[in-house]
Amino acid sequence: MKTKSTNVFIAALLLCAASAAAAEPPAIRAALQPGPDRKPAPAFRLGNADGKKTELSDLRGKVVLLDFWATECGGCVREIPWFMDLARAYEKKGLAVRGVSVDVMYEDLKDSREGWARVKPFVQTHRLNYPVLMADDAVTKSFDIKALPLTYLIDKRGRIAATYIGIVDKENLEANIQAVLNERSR
């Protein structure tokens, strides 16, 4: 006679086997929006682990790679080394990479202290080389976050040049970064 726990265990094994057999989702490519068609990125003021606030307007004049992520999001974690590579390669050319953790919202935690309790060790363990901010309700609404990972490429004038919903295609993202870095900011 099978017990309830045996049934749960078998179901868990079947789920793991199905997950392992599932194909890797395709990487997301995004076309650059033509300059005149670009919409302004929503303004925000978010804090880092030390409480220092950053506003998107502080980054005006730079190309911004804005990555919304969570520690428990496998696709998000997969992209982080790529973003670190891009930060290293293009920071001196005018790229600002910023991670925005949505752990507080995604995991339904009570406040940013609980979010930071999860995010700080992750950032230290993975040695992120770019600043990480904590999302709040206003930013998740203004950027219409419904799925993760979610990455925005923002031009020097603060307009959204490309949007990636899902795991980015690294080569496509890098080509778009290069193109936006080479644009004149009028």
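In case you missed it, the structure is sitting above this.
Notes on the structure in this doc start here.

Cut-offs applied
Residues numbered from 1 in each chain as written. Predicted model: local features only at pLDDT ≥ 70, side-chain atom pairs only at ≥ 80, totals over all residues. Heavy atoms only, no water. Salt bridge = Lys/Arg side-chain N within 4 Å of Asp/Glu carboxyl O. Helix = DSSP H or I, 4+ residues; strand = E, 2+ residues; numbered from the N terminus. Disulfide = S-S within 2.5 Å. Buried < 20%, exposed > 50% of the residue type's maximum accessible area, 1.4 Å probe, protein only. Polar contact = N/O pair within 3.5 Å; in protein donor to acceptor, adjacent residues only side chain to side chain. Contact = heavy atoms within 4.5 Å. Phe/Tyr/Trp six-rings, centres within 6.5 Å; stacked < 30°, edge-to-face > 60°. 1 Å grid on protein atoms, 1.4 Å probe; cavity = no way out; pocket = protein on both sides within 12 Å on 5 of 7 lines; lining within 4 Å. Points joined across faces, edges and corners; volume = space filled by probe spheres on them. Nonpolar A, V, L, I, M, F, W, Y, C, P; charged D, E, K, R; others polar.

## Comments concerning the pattern of salt bridges
Here comes step 1: As enumerated under the stated definition, the model contains 9 salt bridges in all.
Here comes step 2: In this structure, the salt-bridge partner of Arg-38 is Glu-183, at a minimum N-O distance of 2.7 Å. Here Arg-38 is found in the loop between helix 1 (4-21) and strand 1 (45-47), whereas its partner Glu-183 is found in the segment after helix 6 (170-181), with 145 residues between them in sequence.
Here comes step 3: Close ionic contact of Asp-137 with Lys-141 constitutes a salt bridge, the shortest N to O distance being 2.9 Å. Taken as a pair, Asp-137 and Lys-141 lie in helix 5 (residues 137-142) at a separation of 4 residues, close to a single helical turn.
Here comes step 4: Residues participating in the shared-partner salt-bridge network are Arg-38, Asp-155, Arg-159 and Glu-183.

## With respect to the state of the cysteines
Here comes step 1: Counting across every chain of the model gives 1 disulfide.
Here comes step 2: Paired through a disulfide, Cys-73 and Cys-76 show a sulfur-sulfur distance of 2.3 Å. Classification of the bridge connecting Cys-73 and Cys-76 rests on its S-S torsion, roughly 75 degrees, and on that basis the disulfide is right-handed.

## Section: the side chain of Ser-101
Here comes step 1: As for its placement among the helices and strands, Ser-101 is situated in strand 4 (residues 95-101).
Here comes step 2: Given a relative accessible area of 0%, Ser-101 falls into the buried group.
Here comes step 3: A polar contact is formed between the side chain of Ser-101 and the side chain of Asp-103, at a distance of 2.8 Å.
Here comes step 4: With sequence-adjacent residues up to four places away left out, Ser-101 is seen in contact with Trp-69, Val-119, Val-132, Leu-133, Met-134 and Ala-135.

## Focus: the packing of aromatic side chains
The relative placement of two aromatic rings is captured by the distance of their centres and the angle of their planes.
Here comes step 1: The full count for this structure, using the stated rule, is 5 aromatic pairs.
Here comes step 2: When the centroid spacing of 6.3 Å and the interplanar angle of 55 degrees are considered together, the rings of Phe-44 and Phe-143 count as tilted. Residue Phe-44 is located in the loop between helix 1 and strand 1, and its partner Phe-143 is located in the loop between helix 5 and strand 6 (150-154); the two are separated by 99 residues in the primary sequence.
Here comes step 3: On the accessibility criterion, Phe-44 (7% relative accessible area) is buried.
Here comes step 4: Both rings, one in Phe-68 and one in Tyr-152, keep their centres 6.1 Å apart while their planes meet at 85 degrees; by these two values the pair is edge-to-face.

## Comments concerning the layout of surface pockets
Here comes step 1: Taken as a whole, the largest pocket holds about 160 Å³ of empty space.
Here comes step 2: Taken together, Asn-48, Ala-49, Asp-50, Trp-116, Lys-120, Val-123, Gln-124, Leu-128, Tyr-130, Pro-131 and Val-132 make up the full set of residues lining the largest pocket.
Here comes step 3: With 4 residues, helix 4 (residues 112-126) is the largest single contributor of residues to the lining of the largest pocket.
Here comes step 4: Looking at the lining of the largest pocket residue by residue, the classes come out as 7 nonpolar, 2 polar and 2 charged.

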